[in-house]
Amino acid sequence: MILHFYFARRFLWYFSAILIVFAIFLALVDLVEQLRNFGNEVGFGQVVQVVALNLPEGLYTILPLVMILASVSLFVALGRSSELVVTRATGRSGLVALAGPVAVTAIIGGLAVAMGNPIVAATSKRAADLSELYDNGGSSVLSIGTEGLWLRQGGEQGQTVIRAARTNPDATLLFDVSFFAYAPQGGLVRRIEAEEAHLDSGAWVLTRAKAWPLTAGLNPEANAATHEELRVPSTLTQDSIRDRFGKPSAIPVWDMRTFIQGLEEAGFSARRYAVWMQMELARPLFLVAMVLVAAGVTMKPARLARTGVSVLTAVLLGFGLYYVRNFAQIMGENGQLNPVLAAWIPPVASLLLALGLVLQMEDG
């Protein structure tokens, strides 16, 4: 156990050091990018706030790469110090020596999904809200909840809040819809109820609608008007609505199942979110596979290993497996693979490949 704790501690140290280096690098790159995007319209402190909120998502995304580099660093260092030779001389195989790093990786992967995922969801959503606020004042927003679909559109005539009980998959056709129009100063001036509303050429076309004026001094019901068809100007487009659905990473994995159920009840396709949820659950297994792949290539004595070639091979293998994982994710989102298969086949295949590399190294 002392040896396992020693290897685990060394691996954790390399992992922490590499993670800190990447954090500094990502923060500096994002800081430059955000300064370029916002220009002089936003203060430096606000830009730093957005960068800090974006950082957890960036680190979460590159976690497999950090695992590969930490594993490569550990086993190259153990090979140069001949500690691997001493370990084998005591009768322990290389596969047993991997128990410590694998255990640390599994713990990190589990914590990343259980705790890191909700943190990333909260920070990325807050960063997106702040970026939109700084860019356009938050004039157009979409929200989906158990009570239905909510949209907000803005323009020179004020803002309009839209609520619909159901919608089609791209939110361009709304059912049982309500429009609440606000004046530029913020007061509610009009309410409209309609059976249907569809987006057409810069306007919502309402079918069988009834409108109530809410101006002070008027009786809303007495001055209400019914329309077989009513057009309400809109600054929204199909693409802008689709863009505001947001990324699955903005939903905590603990709330994902409820969110998927809400999407399906609102009439949306939840396949993209189902694939993401399964991929998050499979993330610890994929991280373990990354460590084993790097170990299978670099866990050799220094006199037998061509260090440069081994490191390059490990990184390329890791990128290749990561590409396969993303390709399977796309196929799952497009409906060509079942979400469970799309999420779990790449990690399982990567783990089997890694075990094959380690066993081949052991037995020659």
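See the structure shown above.
No experiment lies behind these values; they were computed from the predicted model shown.

1. Considerations on the nonpolar core
Thought 1: Counting residues in each nonpolar core, the largest one holds 55 residues, and the members touching the most others are F11, F15, M67, F75, L98 and M256.
Thought 2: Not counting residues within four places of it along the chain, the set of residues in contact with F11 comprises M67, A70, S71, L74, P101, V104, T105 and V291.
Thought 3: Within the second largest apolar cluster, 18 residues are counted, among which are I162, A211, V232 and L236.

2. Topic: the pattern of salt bridges
Thought 1: Inspection of every chain in the model, using the stated rule, returns seven salt bridges.
Thought 2: The closest approach of N and O atoms between R208 and E195, which form a salt bridge, is 2.7 Å. Of this pair, R208 sits in strand β6 (residues 203–213) while E195 sits in strand β5 (residues 188–199), and the two are 13 residues apart along the sequence.
Thought 3: We classify R208 as partly exposed; its relative accessible area is 38%.
Thought 4: With its nearest N and O atoms 3.1 Å apart, the salt bridge here joins R283 to E280.

3. What about the side chain of T160?
Thought 1: Structurally, T160 is set in strand β3 (residues 158–167).
Thought 2: Residues in contact with T160, not counting those within four places in the same chain, are L151, R152, Q153, F179, F180 and A181.

4. Focus on helix α1 (residues 2–38)
Thought 1: For α1, built from 37 residues, the straight-helix expectation of 54 Å at 1.5 Å per residue is met to within 8% by its first-to-last C-alpha distance of 53 Å.
Thought 2: For α1, the full list of buried residues reads H4, F7, A8, F11, Y14, F15, I18, A23, D30, Q34 and F38.
Thought 3: After α1 finishes, the residue G39 shows a positive phi value of roughly 65°.

5. Considerations on the environment of L353
Thought 1: Among the secondary structure elements, L353 is positioned in helix α12 (residues 339–363).
Thought 2: As a C-alpha pair, L353 and L292 span 61 residues in sequence and 8.9 Å in three-dimensional space.

6. Remarks on the pairing of strand β2 (residues 148–155)
Thought 1: Judged from the seven bridges that link them, β2 and β3 form a sheet pairing that is antiparallel. What sits directly across from L149, in β3, is A164.
Thought 2: Linking β2 to β3, which pair antiparallel, is a turn of two residues.

7. Points about the packing of aromatic side chains
Thought 1: Under the counting rule described, the total for this entry stands at five aromatic pairs.
Thought 2: Ring centres 5.4 Å apart and planes at 85° place the aromatic pair W13 and Y14 in the edge-to-face group.
Thought 3: Given the relative accessible area of 57%, W13 is considered exposed.
Thought 4: In this structure Y14 comes out as buried when scored by relative accessible area, which is 18%.

Thresholds applied
Residues numbered from 1 in each chain as written. Predicted model: local features only at pLDDT ≥ 70, side-chain atom pairs only at ≥ 80, totals over all residues. Heavy atoms only, no water. Core = buried A, V, L, I, M, F, W, Y, C linked by side-chain atoms within 4.5 Å. Buried < 20%, exposed > 50% of the residue type's maximum accessible area, 1.4 Å probe, protein only. Contact = heavy atoms within 4.5 Å. Salt bridge = Lys/Arg side-chain N within 4 Å of Asp/Glu carboxyl O. Helix = DSSP H or I, 4+ residues; strand = E, 2+ residues; numbered from the N terminus. Expected span 1.5 Å × (residues − 1). Pairing = 2+ DSSP bridges. Phe/Tyr/Trp six-rings, centres within 6.5 Å; stacked < 30°, edge-to-face > 60°.

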